[in-house]
Amino acid sequence: MERTIGPSVGPMDLLGFVKMVVRIGTVAVCGGLFFFVWQDRYRNLALRLLLPMIAFTALALFSTLWSPLKVITAGQALSLASQLALAAALAVWCRDWQDLSRTFAVLTVMLLAISCLALAVHFLVPSLSSLTREENNDGLIHPTNASANAYLGLVLLQVGFFVFRWKLRVPLALVGLLVHGLILTLALNRAGFVALMLASLVIQTVCGSRKPTASLAALTCISLLGYLAIDPQLRAIEPLTEKVGDFAARGQNERQLKSLSGRDVLWKKIWDSHLESPWIGHGYFVTTKTGVLRVWNTEENRTAHNFVLQILVTTGWIGLSLWTIGLLVPIGYIARRLRERTGDRNLLYALGAVLLWFTVWGLTNESITGPTTPETVAYFVILGSSLGYALHRPGLERSRNIRATGGNPG
């Protein structure tokens, strides 16, 4: 459906109205599920842990008053509120290892289904596909979003394989590698590769079987050293390295690569725009005081392509402070609780690897501070379900008391 208005001016159109209704409905349903559990003694603690992020969401909604793009600010703030409400509901309904495992499994399958859908559209309805990064190709899903979905899907597949050890983990991993790998080959996204490698290194090194991992690493090092001894000039693989370089460059020259595909120009303009309203920003999801940013030969309300800059320019230092506290408080609580039990250490490291992926990916993308995508929904699902597991998990002293009385430690 073609939107009848641009991103900068005009009243809400029909599609925008439908989105607004869906967001409000999600907040109502998930909020109702959260407050329905009146007898759950963990509800108030969950509310306190999420309070800084709730305060940030309130600021985002309040910033509609000074935003030049009030419809966009209100709509995106409601999107944030709906995802936060989902996290809150999961925090009281996800109570044990089985709940957490099922939540991760459903999330992993959904990410895989989205990649399957993107591939089906690409091959069956090419006019709706934009995975090949052709100019003026307004397809069903942007290649950056498709890449984020695939990269995160690969990370969660490893969590399921090494930590939760799902019964169907082997066939699911094989299908995931094929589907997500094909998406990444078509989309040609480079930014997430480093994030994927770092997260995979943590998961497989800490959570995987030690002997196979060590053996594979040793074999790889010996093989590379042996090859360097035979061919120190790398002449035999020179054609291959050239093809890989051309593939990674995506047709860009050295200057474009050094500028991170033009992000240096964008970030300078975003910083200059931030200085025009340093404390309260220009309104949630709006990066300039006029709602229009001219960069890369276009004028539009463009995101900052960096998750910290995105929050800073749109909500100012006040918003960035609330947002940072809103992230650190529940994450810190989850880390403390999981450290109490030796059996949860692998889960703790796996969640740290997932957080590492989001952080590295967000250095060149707006990530969880952007519009609603599978990536942003996945983050709040992971946050809420992990918080719920940590809240309901018996502490070390309480667990000892339960075992001493013959009870179930959970």
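The rules we used
- Starting from 1, residues in each chain are numbered consecutively following that chain's sequence as written.
- Totals for whole chains, interfaces and linings use all residues, but because this is a predicted model, local features are given only for residues with pLDDT of at least 70 and pairs of side-chain atoms are given and counted only at 80 or more.
- No hydrogens and no water enter the side-chain calculation; it runs on all heavy atoms of the structure.
- Numbered from the N terminus, helices here are DSSP runs of H or I no shorter than four residues, and strands are runs of E no shorter than two.
- Exposure classes here rest on a 1.4 Å probe applied to the protein chains alone. A residue is buried below 20% of its type maximum, exposed above 50%, and partly exposed in between.
- Any two residues having at least one pair of non-hydrogen atoms within 4.5 Å are treated as being in contact.
- Per-residue and other accessible areas were derived by the Shrake-Rupley procedure at a 1.4 Å probe size, with only the shown protein chains allowed to occlude residues.
- For helices, the fitted line uses only the C-alpha atoms of the stretch in contact; every axis is such a line through C-alpha atoms, and the angle between N-to-C directions lies from 0 to 180 degrees.
- For classification purposes, angles smaller than 35 degrees are called roughly parallel, those larger than 145 roughly antiparallel, those between 65 and 115 roughly perpendicular, and all remaining angles oblique.
- We call Asp, Glu, Lys and Arg charged. Ala, Val, Leu, Ile, Met, Phe, Trp, Tyr, Cys and Pro are nonpolar, and the rest, Gly among them, are polar.
- Ring geometry is summarised as follows: Phe, Tyr and Trp rings, the Trp one being its six-membered ring, pair when their centres sit within 6.5 Å, and such pairs are stacked at plane angles under 30 degrees, edge-to-face over 60 and tilted between the two.
- Expected helix span is given by 1.5 Å per residue-to-residue step, counting one fewer step than there are residues.
- We define a salt bridge as a contact between a side-chain nitrogen of Lys or Arg and a carboxyl oxygen of Asp or Glu at a distance within 4 Å.
- What we call a nonpolar core is a set of buried Ala, Val, Leu, Ile, Met, Phe, Trp, Tyr and Cys residues that are connected through their side-chain atoms within 4.5 Å.
- For every residue, the predictor assigns a confidence score, pLDDT, that lies between 0 and 100.

Visitor: Help me understand the overall build of the protein in this model?
Guide: Each helix and strand in the protein was counted, giving 15 helices and two strands. A burial count over the protein gives 47% of its 410 residues as buried. Taking contacts inside the protein between residues at least 6 apart in sequence as the whole, the part at least 24 apart equals 74%. A total accessible area of about 21,200 Å² is found for the protein, and carbon and sulfur atoms account for 67% of it.

Visitor: Help me understand the packing of helix α2 (residues 43-62) against helix α12 (residues 307-339) in this model?
Guide: Packing of α2 against α12 brings their axes to within 8 Å, and their N-to-C directions diverge by 170 degrees. When the axes of α2 and α12 are compared, the pair comes out roughly antiparallel. On α12, the residues that touch L45, L49, P52, M53, A55, F56 and L59 of α2 are I311, T315, I318, G319, L322, W323, I325, G326, L327, V329, P330 and Y333. Its residues assigned to classes, the contact of α2 with α12 comprises 16 nonpolar, three polar and no charged.

Visitor: It is not clear to me how the packing of aromatic side chains should be interpreted in this structure. Could you clarify?
Guide: Any two aromatic rings considered together are summarised by their centre-to-centre distance and by the angle between their planes. Throughout the structure, instances matching the rule amount to 14 aromatic pairs. Between F56 and Y284, the ring centres sit 6.0 Å apart and the planes meet at 80 degrees, which makes this aromatic pair edge-to-face. Here Y284 lies in the loop between α11 (263-275) and β1 (293-295) and F56 lies in helix α2, a separation of 228 residues in the sequence. For F56, a relative accessible area of 1% translates into the label buried. Owing to a relative accessible area of 4%, Y284 belongs among the buried residues under this scheme. Aromatic pair F62 and W66: ring centres 5.8 Å apart, planes at 75 degrees, arrangement edge-to-face.

Visitor: Help me understand helix α3 (residues 70-93), please; the structure alone is not making it clear to me.
Guide: What sets the pattern is the α-helix's 3.6 residues per turn: residues three or four places apart point alike. Relative to the 34 Å expected for 24 residues at 1.5 Å per residue, α3 spans 34 Å between its end C-alpha atoms, a close match to the ideal helical length. The buried fraction of α3 amounts to 19 of the 24 residues, a majority that puts the element mostly inside the structure.

Visitor: Sorry if this is basic, but what is going on with the pattern of salt bridges here?
Guide: Opposite charge on two side chains lets them pair, provided their charged atoms get close. Tallying each qualifying case throughout the model produces six salt bridges. With a shortest N-O distance of 2.7 Å, D99 and R102 are connected by a salt bridge. Here the residue D99 and the residue R102 both occupy positions in helix α4 (residues 97-124), the gap between them amounting to three residues, near one helical turn. The exposure class of D99 is buried, given its relative accessible area of 18%. Between D344 and R341 there is a salt bridge; the shortest N-O distance is 4.0 Å. With a relative accessible area of 1%, D344 lands in the buried category.

Visitor: Would you mind going over the nonpolar core with me for this structure?
Guide: A general trend in soluble globular proteins is that nonpolar side chains are found buried together. Counting residues in each nonpolar core, the largest one holds 90 residues, and the members touching the most others are F104, W323 and W357. Take this core: its biggest share by element is 13 residues, from helix α5 (residues 143-164). Non-local contacts of F104, meaning those with residues more than four positions away in its chain, are made with L156, V159, F164, W166, L351, I382, S385 and S386.

Visitor: It is not clear to me how the side chain of N306 should be interpreted in this structure. Could you clarify?
Guide: With respect to the element layout, N306 can be found in the loop between β2 (298-300) and α12. In this structure N306 comes out as buried when scored by relative accessible area, which is 12%. Setting aside its immediate chain neighbours within four residues, N306 contacts W267, G362, L363, N365 and E366.

Visitor: How do you make sense of unusual backbone geometry when you look at a structure like this?
Guide: What is expected of a backbone is that most residues other than glycine have negative phi and most peptide bonds are trans. Located in the positive-phi region is R165, a residue other than glycine, with phi close to 55 degrees. Here R165 lies in the loop between α5 and α6 (169-187). For F285, which is not glycine, the phi torsion reads 75 degrees and is therefore positive. Tracing the chain through its elements places F285 in the loop between α11 and β1. For F285, a relative accessible area of 9% puts it in the buried group.

Visitor: What should I look at first to understand the confidence of the model for the protein in this one?
Guide: Within the protein, residue pLDDT values average 80, and 74% of them lie at 70 or more. Of all secondary-structure elements in the protein, the lowest mean pLDDT belongs to helix α15 (residues 396-404), at 42, while α12 reaches the highest, 96. Low pLDDT (under 50) marks residues 256-260, which in the prediction has eight contacts with non-local residues, meaning those over four places away or in another chain.

Visitor: Sorry, what's going on with the packing of α12 against helix α13 (residues 345-361) here?
Guide: Between two packed helices, the angle of one axis relative to the other and the distance separating the axes together describe the packing. The N-to-C vectors of α12 and α13 enclose an angle of 170 degrees; their axes lie 11 Å apart at closest approach. As the angle between them shows, α12 and α13 are arranged roughly antiparallel. Where α12 abuts α13, its residues F307, I331, I334, A335, L338 and R339 lie against R345, L347, L348, L351, L355 and T359. Grouping the amino acids of the contact of α12 with α13 by side-chain chemistry returns nine nonpolar, one polar and two charged.

Visitor: Is there a simple way to explain the environment of F164 in this structure?
Guide: Position of F164 relative to the elements: it lies in helix α5. Its relative accessible area of 7% is what places F164 among the buried residues. The spacing of F164 and W97 is 67 residues in sequence and 8.7 Å in space, taken between C-alpha atoms. Setting aside residues no more than four positions away along its own chain, F164 makes contact with W97, L100, S101, F104, V159 and L347.

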